[in-house]
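Examination of the molecular architecture
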Amino acid sequence: MKSFRNLISIIEARKSIRSYKPQEIEEEKFQYVLKAFRKAPSAKNIQPWKLIVVKNKKKKNDLAIACNNQQFIAEAPIVLVACGKEDEAYGVMGGYMNSFAIDVTIALDHLILASTEQGLGTCWIGAFKEKLVKDLLGIPENIRVVALTPLGYPDKDTVKRKRKPLPEIICYDKYVE
Ligand SMILES: Cc1cc2nc3c(=O)[nH]c(=O)nc-3n(C[C@H](O)[C@H](O)[C@H](O)COP(=O)(O)O)c2cc1C
């Protein structure tokens, strides 16, 4: 397994994995990535989240269908469903915005980077039918599904996607197009 010297090498190594080995995840590694999720910051430290761990084969298959039929999701030994508590989260960020999706996103990204460090693959899944996912997992009406990710050992290697150059995305002292 690749070893990492610093955070940027983990960030650079992460990529979306769309092919998984059936190999189980060691409990120690799994607890490690859950810890990264738990330690994430959130608005007012409300921690308005719940992470559903799905291992059941039929449920994973049904989830893959609920995610616009992205079959690779069900290949992984674990599928994580990251939920947000909209009612509990900070409601007026910037004067108008509920923080639940941001809070959950930060926590899931913590988990994703910790997974990369442990040699595990993930893929942020934003294409899903919320109602179908909620019905499948008994998620209450007032709880929102923010994202899913498969979690497991990567199988086939995937290409590394490019990023915009820094000058295109950073500006100084004022907004510059
Ligand atoms: C909000 C969001 C939603 C995404 N939804 C999906 C998805 O449903 N299926 C998928 O295969 N990848 C999905 N991705 C992964 C992106 O396609 C991927 O992160 C992007 O192409 C960059 O590639 P990389 O992750 O390998 O660096 C999503 C990523 C984000 C951040």
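Thresholds applied
- Starting from 1, residues in each chain are numbered consecutively following that chain's sequence as written.
- Given that this is a predicted model, residues contribute local features only at a pLDDT of at least 70 and side-chain atom pairs are listed and counted only at 80 or more, while totals for whole chains, interfaces and linings are drawn from all residues.
- With hydrogens and water set aside, each side-chain value is computed from the structure's full complement of heavy atoms.
- In this text, near means that some heavy atom of the residue lies within 4 Å of the molecule or strand in question.
- Distance and chemistry together define a polar contact, namely a pair of N or O atoms within 3.5 Å, with one atom able to donate a hydrogen and the other to accept it when in protein, and with adjacent residues in sequence counting only for side-chain atoms on both sides.
- Each residue is assigned to one of three groups, with Ala, Val, Leu, Ile, Met, Phe, Trp, Tyr, Cys and Pro labelled nonpolar, Asp, Glu, Lys and Arg labelled charged, and all others, Gly among them, labelled polar.
- The residues that make up patches have over 30% relative accessible area and no salt bridge, and they are joined within 9 Å when like-charged or within 5 Å when they are Val, Leu, Ile, Met, Phe, Trp or Tyr.
- Each accessible area value is a Shrake-Rupley result obtained with a 1.4 Å probe; residue values ignore everything except the protein chains displayed when judging cover.
- A pair is scored as a salt bridge if a Lys or Arg side-chain nitrogen falls within 4 Å of a carboxyl oxygen belonging to Asp or Glu.
- In this count, Lys and Arg are taken as positive residues and Asp and Glu as negative ones, while His and the chain termini are left out.
- All charge positions are set by atom: Lys at NZ, Arg at CZ, Asp at CG, Glu at CD.
- We count a stretch as a helix when DSSP gives it H or I for four or more residues in a row; a strand needs E for two or more, and each element gets its number in order from the N terminus.
- Exposure classes here rest on a 1.4 Å probe applied to the protein chains alone. A residue is buried below 20% of its type maximum, exposed above 50%, and partly exposed in between.
- Each axis is a line fitted through C-alpha atoms, taken for helices only over the stretch in contact, and angles between the N-to-C directions span 0 to 180 degrees.
- Angle categories are assigned with fixed cut-offs, so that under 35 degrees is roughly parallel, over 145 is roughly antiparallel, 65 to 115 is roughly perpendicular, and the rest are oblique.
- Crossings are assigned a handedness: left-handed for a near helix turned anticlockwise from the far helix by less than a right angle, right-handed for a clockwise turn.
- Should any heavy atoms of two residues lie within 4.5 Å, those residues are counted as being in contact.
- The definition of a nonpolar core used throughout is a set of buried Ala, Val, Leu, Ile, Met, Phe, Trp, Tyr and Cys residues joined through side-chain atoms within 4.5 Å.

**Comments concerning the site of the ligand**
Near the ligand you find 13 residues, and of these Ser-16, Arg-18, Gln-70, Trp-124 and Arg-163 are the closest. In the environment of the ligand, an oxygen atom lies 2.6 Å from a nitrogen or oxygen atom belonging to the side chain of Arg-18. A distance of 3.0 Å is found between an oxygen atom of the ligand and a side-chain nitrogen or oxygen belonging to Arg-161. Here the shell around the ligand is built from residues that sort into five nonpolar, three polar and five charged.

**Remarks on a positive patch on the surface**
A grouping of Lys-2, Arg-5, Arg-18, Lys-160, Arg-161 and Arg-163 is seen on the molecular surface, where their side chains present a positively charged patch. Within the element layout of this structure, Lys-2 appears in the segment before α1 (7–13). What makes Lys-2 exposed here is its relative accessible area of 56%.

**So, the packing of helix α2 (residues 27–38) against helix α4 (residues 100–117)**
At a minimum axis separation of 7 Å, α2 and α4 run at an interaxial angle of 150°. One finds that α2 runs roughly antiparallel with respect to α4. In terms of crossing hand, the pair formed by α2 and α4 is right-handed. Of the residues in α4, those touching α2 at Tyr-32, Val-33, Leu-34, Ala-36 and Phe-37 are Ala-107, Leu-108, His-110, Leu-111, Ala-114, Ser-115 and Glu-117.

**Brief notes about the nonpolar core**
Counting residues in hydrophobic clusters, the biggest one holds 24 residues, and the most contacted among them are Phe-30, Leu-80, Leu-111 and Leu-151. Residue assignment for this core shows that the elements contributing at least two residues are α2, β1 (49–54), β2 (78–85), α4 and β4 (143–152). Contact partners of Phe-30, with chain neighbours within four places excluded, come to Ile-25, Val-53, Ile-78, Leu-80 and Leu-151. One finds Ile-17, Tyr-20, Phe-72 and Leu-148 within the second-largest nonpolar core, a separate group that totals 23 residues.

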